[in-house]
Structure formats: C-alpha cells, structure tokens
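Listed below, chain by chain, are the residues.
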Amino acid sequence: MAELARDTLREMQLRMLRIRAFDERASKMVKRGHIPGTVHTSIGQEAQVVGATMALGSGDYMSGNHRSHGHPIGKGSPLGPLMAELVGKATGVCKGKGGSLHLADFAVGSLGESGIVGSSIPIANGAALSSKVLNNGKVALAFFGDGAANQGVLYESMNMAGVWELPMIFLCENNQYALSTPAHTVTSGIISERAAGFGMPGIRVEEGQDVLAVYDAVSAAVARARAGDGPTLVEVMTYRYNEHSEGLRLGTDYRNADEREAWLKKDPIMLFRHYLASQGFSDDELDGLQATALAEVDAAVAFSDASPYPDLSVAFDDLYSDKESAA
Amino acid sequence: MTVMSYLGAIGAAQREAMDADERVIIIGEDVEANVYGTTGGGKSRSDKGDFLQRYGRNRIRNTPISEEGIVGAAAGAAMTGLRPIVDLSYSSFLYMAMDQFVNQVAKNRYMFGGQASMPVVFRSAMFYGLNTGAHHSDRPYPMFMNVPGLKIIAPATPADAKGLLRSAVDSDDPILSFEACLLWSTKEDVDENEFWIPLGVARTARVGTDVTVVAISSSVPEAVAAAEELAKEGVSVEVIDPRTLVPLDRGAILRSVAKTGRLVVAEPAHRTCGAAAEISALVAEEIFDSLKAPIIRVTAPDMQIPFSPSLEKQMYPTKATIAAAIRRVVDLPALQPVAAAV
Ligand SMILES: Cc1ncc(C[n+]2csc(CCOP(=O)(O)OP(=O)(O)O)c2C)c(N)n1
Ligand SMILES: [Mg+2]
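To keep things clear, this report deals only with the structure shown in the data block. Predicted, not measured: the structure shown is a model, and the values here were computed from it. (Residues numbered from 1 in each chain as written. Chains lettered and ligands numbered in written order. Predicted model: local features only at pLDDT ≥ 70, side-chain atom pairs only at ≥ 80, totals over all residues. Heavy atoms only, no water.)

1. A closer look at the packing of aromatic side chains
Under the definition given, this model contains 16 aromatic pairs over all chains. Plain terms: the ring middles of F106 of chain A and F112 of chain B are 6.3 Å apart, the flat faces sit at 50 degrees to each other, and that makes the pair tilted. Taken as a pair, F106 of chain A in the loop between α4 (79-87) and β2 (110-113) and F112 of chain B in the loop between α5 (108-111) and β5 (121-126) lie in two separate chains rather than in one. For F112 of chain B, a relative accessible area of 1% puts it in the buried group. The interplanar angle of 80 degrees and the centroid separation of 5.6 Å between the aromatic rings of F101 of chain B and F144 of chain B together place this pair among those described as edge-to-face. (Phe/Tyr/Trp six-rings, centres within 6.5 Å; stacked < 30°, edge-to-face > 60°. Helix = DSSP H or I, 4+ residues; strand = E, 2+ residues; numbered from the N terminus. Buried < 20%, exposed > 50% of the residue type's maximum accessible area, 1.4 Å probe, protein only.)

Right, here's the structure in full:
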C-alpha cells in the first residue's frame, strides 16, 4: 500500500463525509418536496467513489451514471452549484437544465452523469481517445454499475480502448443490485474477469468499503494508463444503504435486512475513521472533518435557497452553439 | 474551378479540413483503405493524396464494427478537444447508435448547461436506388430532424457537398450529413480553393414564378429536370433546395411560395412525418392565404424498399412524378396516371 501524505488521508475522509452529508440532506429534501423528482444516493458507496476519484489527477476526465452526486463531489466540485442544480436553480452547475441525473462539472473533468444506464461509458472512452490523439497525458475513467455491465456498449468500448491502447479505466461499481435485480441472477460469470477477453487487466476489489484498497487499485490502473500501457477494468464490491432511489418503496423483499446490517458494520467512513485514529489523527480532528462537511452542506443549501430559478427567457439557451438555430 | 464529382468534393473538403486543423480526425470502418472513396486522393494506397499516408494512423482511424461505441467515443472526443469526422458508411447503420445520437450527442450541450461543446460531423450515405434491398436503402434524415440538438445537412451537388462539409467541420454543434449515393458521380465545376457554405441557407436551384418545388437530396436534379420540361409548356417553376434541414431556411421557402402561390415538396424519405410534411405544415401555418392550390408531397411511400429493380425504381420521386404533381397544382391535365408513389 502506498504511503500517503496526511493531507491526502484527511482529504479522503473529508470527501467521503461530504458525499454522505450531501446525499443525506438531498434525501430529506426529496421527501419534503424541496428537490423536485428523485435522487439516487451514494450512501454506503463513498469509499468506492472517493478511492477512484482521488486516484485521478485534477485534469483527468470521468463520466458517470444516475447514482451521480458522489462522482463530482469526489472529484472536488464545490457543493453549492451541485445542490442548486438538484433544486433546479439558475446557479446550478448545469444552470438548472440537468438536475440530479445529469450533474457535470467540466472544471474538474466531470464530463457528465447519464440517466441512460451504460450510455456514458463511450463518452469517457472518447475523452481517452482525445488524450491519446492530442498526447496530453490525461486519463479517463467511466463509472458504471453492475447493471450497466450487461450493456453491449461497454464491450464495444472495452474493445476499442484495448485495441487503441487508450488511457482508460472502466470502473464497475458493483453494489450487487440493479434496482431490484440481484446481479448474480442476471450476470454470467465475474464482471472483472470479462477483461481477459479484451486482453486487458481486470481487477476485483473485494474490500470496496476500504477507501485505500480502492485507491490503490485505481492508482495502479491510472499509472498504467498514463504510461501508455492501455486500459484496465476495475470492479469494486460495495453496497448501497438506501433504496435504489429516494422515495421508492420496494421494501426488503429483494434485499434481506441481515445483508444490509452486515454491510452497515463495514461502513466505509467508520472504517476509515478507525484507520485514521490508528495513524494518530485525534478525535477532535476527525470530528472537525465531520463538522466541516455538514457546514459545507448547510452553506450549499443556503446558496441554493438564495439563488433564483432560471427565467423562461433562457429555456432555449445552449440547445445549439448559436441562438439563431433554436426554433 | 475544377470539375469534381460529389464524392470527390467530399474528399476535398475532408482534406482541406484535416490540413487546416490538427484537431480534425477521421474515424470509421474501412477509412484507412479508402473503401468509400472520401479518404484518398487517387486510386491506390501509394498515391500521394492517400489520407493514411498524409495524416497517419493517429488521425485516420479504422474502427471496429461498433457503431454505438464509435458514435459515443466521437462525442466524448468532441467534448474534450477533438473535432472528429465520423464516417458511418451507410445511413442505415445510424440506428445501431441511436442512444448515443439522441441521449448524448444531441443533449449534452443543453443538459450540462452549455459546458459541453460538440464539434463532430457524422457522415453517412443513403444507398437507395441501388438495389441493395431493405436493410441498406434507408433515407432516415427525418427521424433525426425530430431530435433537437442535432443539425442536419443533405447536399445535392458537388459544390454544396464541399462547402457545407467545411462549415459542418467548423461548427461547434453536432452535424449529421446525409449523402445520396445516387449523386456520387454527379459532376460540376467546383472551386478548388477553400470555401464555406453557411448552414441554414437554402439554394435556389432554378428561378420561377408559377410553382415552387422544394426538393431534397437526389430529388433536386429530378425537380430541376421536371421544371425544364414544364417550362416547355409555359409553366415557370422555382426549385428550392434547403441543403440544410436543421436549421431549415424557412424564410427562403416562405418567400418563394408567397411569390408563386403553389407548393410541391419532393424528397426520397417516407411520407409520414418526413421533411416534406414539416415543410408543408410550415407553409400552411404561415402563409395559407398565399396558396392558390393545395400543397402536394411527392415522397417515398410508407413501406419497405423492395429489392427488384422493377419495383424499387417506382419508390422515389422522379422527374415524371414531380412533373405530374406540378401539373396538378397548376391545373394542367395529367399526361399519364400519377404513380403510386405520389
Ligand atoms: C437503458 C436504461 N435501462 C433501464 C433504466 C432504468 N434504471 C435506472 S437505474 C437502473 C439500475 C441500474 O443498476 P446499476 O447499473 O447496477 O447501478 P446502481 O443503481 O446499482 O448504482 C435501472 C434499471 C435506465 N435508466 N436506462
Ligand atoms: Mg448496481
């Protein structure tokens, strides 16, 4: 395991706490009708998100899916415009045009989250192609779930990335369910082992609740990509605590309660807190990180609350690069 | 001026664009070997015009047969600094990549609040009229006209093919270019220097005063031929080629119909929800009072394209079916029974 600077360790915990606090607040806001529509939370999956995003450099690219808030937060996006986007405000990161399913923050290399399962995988592949053609040293990563792992476009993309030796990481967030469907009932074989068919390494991180385990695995893939050695498939085993999406009431018929309890005992934030304490972080310092994350979320909500909704006059903006083409 | 074929003009535009901007790349199936004739200068690989020799494998990329992956990767590349030209060969293959066209290519600029630029051109050839059967003969541009966020060109002449493609490559929006194989060998004098034809500007292919024919793609030369025939009978026909279907040059169409008072719309696509339907609705909504006769559409019928030449030939607008429609709107007696395709 790489020796990491204390600042990096602290930042990992802070980003995980940010995601937890942001998504817990978003969940409440959906239930109160403060956020229109629904959201998909990353609660329980913070180690997998932060381990992967922090293994990337700030100039590197990523694309994501519907479980989408954690990715930009993990990549370092400020929370205010993200929260404003969920509420539909003009100051949202996508000016209120995207919403929860379509967060994107190009300033941190976040090329966008996709509501269509699997659809954004080739987008990251194309970013990796850009890096290769322009020779600019950037790498790209596509986040997708175990459900998306059964979309054909993944395999078209893996094949292209392999044959072109693109600086690309395919990151499967295996939380073991696609909505109500247990992965093993619809997935033949092991996802990470599919990499072999494309001549690329496939790695399964069994301890996906351990942020350092994820960080190490993805860092190795990033180093490989940056060295010009091509793509890697990384499958991370994890678990979502909440329902597939907030407000959905599927009950526990499809996921038994014992299973959830067992995963709660491996909570990524709790695990990492213990680790940090063992590394000499004080309780005060660790509590302080938690307080910081909560304060940032409060500030993000305040920013959103103080922001206007978009005016109808901007509804057609950004349909095309020019205004005239919009009918 | 140099005599260029339609296909040669596309090749010339691609070469100019590749020379002008290092960020332009060409990706697609079989582009290295110049199978479709727009990535080479001559007949053999060793010719100095060959794109692979000129630009190398970094910028001329053969792809696997993976249309969804190709279109998505081109979108991602466009969002991160490249300006890809994607050669999708046959228009019928666009369906394989429908999700990427509709959900990523068309939506990303808007959905992400203007953060994404999408400078990418998707070229494909409509292989209709060549007895290739139902899977290769589609003219699917109207489906894509129904997807806001895409821009669509359908050049009908070599000069338009060259000038429109240059503008398409320079545009920061995603452009679908629908080229007609029936026009590939059409030749005319084309400026060998660089020139750009702006998107959204129609071309008046023939000036007239009695009837406006708005014609698309390979229907343009058929409409011009019909106009020449009707001229002999004293009917003056104006032929408008929109060239760009999105954005459509509404002004040019409306001005022409306001002048002539009669409209025939001819296109090789299916009848229902086609470009002709859209243009007809536009005219009916905006300048109904100027119309002296009902609008007539001359299109392909709503059916599959049959293989046998004796059947396929009847499916698309021809000089005869367009002329028959013109005769109807000016109240001339029909010369022969109007073909089923009208
Ligand atoms: C193409 C497509 N099919 C179905 C859906 C509906 N849907 C949304 S999320 C989801 C489950 C996705 O599971 P997974 O990829 O494992 O991601 P997770 O939700 O577990 O993070 C489904 C079926 C969709 N949005 N897009
Ligand atoms: Mg899942």
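2. Let's talk about the coordination of the magnesium ion (ligand 2)
All names here are of chain A. Only D146 (OD), N175 (OD1) and Y177 (O) from the protein reach the magnesium ion (ligand 2) as donors, at distances of 2.0 to 2.1 Å. All donors to the magnesium ion (ligand 2) come from one chain, and their sequence spacing reads D-x28-N-x1-Y. Pair noted here: D146 is in the loop between β3 (140-145) and α6 (152-163) and Y177 is in strand β5 (residues 177-178), with a separation of 31 residues, a long-range link. Like D146, the residue Y177 is buried in the burial classification. (Donors = N, O, S within 2.8 Å, 3.2 Å for Na, K, Ca; no water.)

3. So, the site of ligand 1
Residue and element names in this part refer to chain A. Within the structure, ligand 1 sits among 15 residues, and H66, R67, G115, G147 and Y177 are positioned closest to it. Between ligand 1 and R67, the relevant distance is 2.7 Å, taken from an oxygen atom to a side-chain nitrogen or oxygen of the residue. Residue G147 places a main-chain N or O atom 2.8 Å away from an oxygen atom belonging to ligand 1. Protein contacts shield 73% of the accessible area of ligand 1, which totals 580 Å² for the unbound molecule. Residue composition of the shell around ligand 1, grouped by class: six nonpolar, seven polar and two charged. (Near = heavy atom within 4 Å. Polar contact = N/O pair within 3.5 Å; in protein donor to acceptor, adjacent residues only side chain to side chain. Areas by Shrake-Rupley, 256 points an atom, 1.4 Å probe, with all protein chains shown as cover. Nonpolar A, V, L, I, M, F, W, Y, C, P; charged D, E, K, R; others polar.)

4. Digging into the side chain of R327 of chain B
Residue and element names in this part refer to chain B. With respect to the secondary-structure elements, R327 resides in helix α12 (residues 319-329). Within the structure, the side chain of R327 is placed 2.7 Å from the side chain of E233, a separation counted as a polar contact. In this structure, R327 is in contact with L230, E233, L332, P333, A334 and L335, ignoring residues within four places of it in sequence. (Contact = heavy atoms within 4.5 Å.)

5. Focus on a nonpolar patch on the surface
Residue and element names in this part refer to chain A. On the surface, a cluster of nonpolar side chains totalling about 210 Å² of accessible area is made up of L179, L248 and L250. Topologically, L250 is positioned in the loop between β8 (232-237) and α9 (257-264). Classification of L250 as partly exposed rests on a relative accessible area of 31%. (Patch = residues over 30% accessible without salt bridge, like charges linked within 9 Å, V, L, I, M, F, W, Y side chains within 5 Å. Salt bridge = Lys/Arg side-chain N within 4 Å of Asp/Glu carboxyl O.)

6. Some points on the environment of L94 of chain B
Residue and element names in this part refer to chain B. The residue L94 is located in the loop between β4 (83-90) and α4 (98-105) in this model. A relative accessible area of 1% means that L94 is categorised as buried. In this structure, L94 is in contact with L88, F101, S124, F144, L176 and F178, ignoring residues within four places of it in sequence.

7. As for the nonpolar core
Among the nonpolar cores identified, the biggest contains 211 residues, and F170 of chain A together with F101, F122, V213 and I326 of chain B are the most heavily contacted of them. Here this core gathers at least three residues from each of two domains, domain 1 (2-190) and domain 2 (203-329) of chain B. Not counting the four nearest positions on each side in its chain, I326 of chain B is found in contact with V211, V213, A226, L230, V235, V237 and V264 of chain B. In terms of nonpolar packing, the next biggest core, distinct from the first, is built from six residues, I43, Y177, Y239 and Y254 of chain A among them. (Core = buried A, V, L, I, M, F, W, Y, C linked by side-chain atoms within 4.5 Å. Domains from an automatic or database assignment.)

8. Quick look at the sheet that holds β8 of chain A
Sheets are built from strands that pair by backbone hydrogen bonding, the pairs being arranged parallel or antiparallel. Residue and element names in this part refer to chain A. On the basis of which strands lie adjacent, the open sheet formed by six strands has the order β2-β1-β3-β4-β8-β7 and parallel pairing. Every other strand in the sheet has two partners, leaving β2 and β7 (202-205) as the edge strands with one partner each. The average angle at which neighbouring strand axes cross in this sheet is 15 degrees, direction not considered. Summarising the sheet, strand β1 (residues 61-64) and β2 pair through two bridges and their orientation is parallel. What sits directly across from G64, in β2, is E113. Along the sheet face, α6 touches β3, β4 (168-174) and β8 and points at about 150 degrees away from the line of β4. (Pairing = 2+ DSSP bridges. Axes fitted to C-alpha atoms, helices over the stretch in contact; angles between N-to-C directions.)

9. Here we look at the pattern of salt bridges
All names here are of chain A. Taken as a whole, this structure holds 36 salt bridges over all chains when the rule is applied. R204 serves as the salt-bridge partner of E206, at 3.4 Å between the closest nitrogen and oxygen. In this structure, R273 and D287 form a salt bridge, with 2.9 Å as the shortest nitrogen-oxygen distance. Of this pair, R273 sits in helix α10 (residues 268-278) while D287 sits in helix α11 (residues 283-306), placing them 14 residues apart in sequence. We classify D287 as partly exposed; its relative accessible area is 41%. Put simply, R6, D7, R10 and E285 are held in one network by salt bridges that share partners.

10. Comments concerning the packing of α6 of chain A against helix α3 (residues 67-79) of chain B
One can describe the packing of α6 of chain A onto α3 of chain B by two numbers: an axis separation of 8 Å at closest approach and a directional angle of 70 degrees. In terms of orientation, α6 of chain A lies roughly perpendicular with respect to α3 of chain B. As for the relative orientation of α6 of chain A and α3 of chain B, their crossing is right-handed in sense. Note on element contacts: α3 of chain B touches α6 of chain A through E67, E68, G69, I70 and A73 of chain B, opposite V153, E156 and M160 of chain A. Of the residues that constitute the contact of α6 of chain A with α3 of chain B, the class distribution is four nonpolar, one polar and three charged. (Parallel < 35°, antiparallel > 145°, perpendicular 65-115°, else oblique. Left-handed = near helix turned anticlockwise from the far one by under 90°.)

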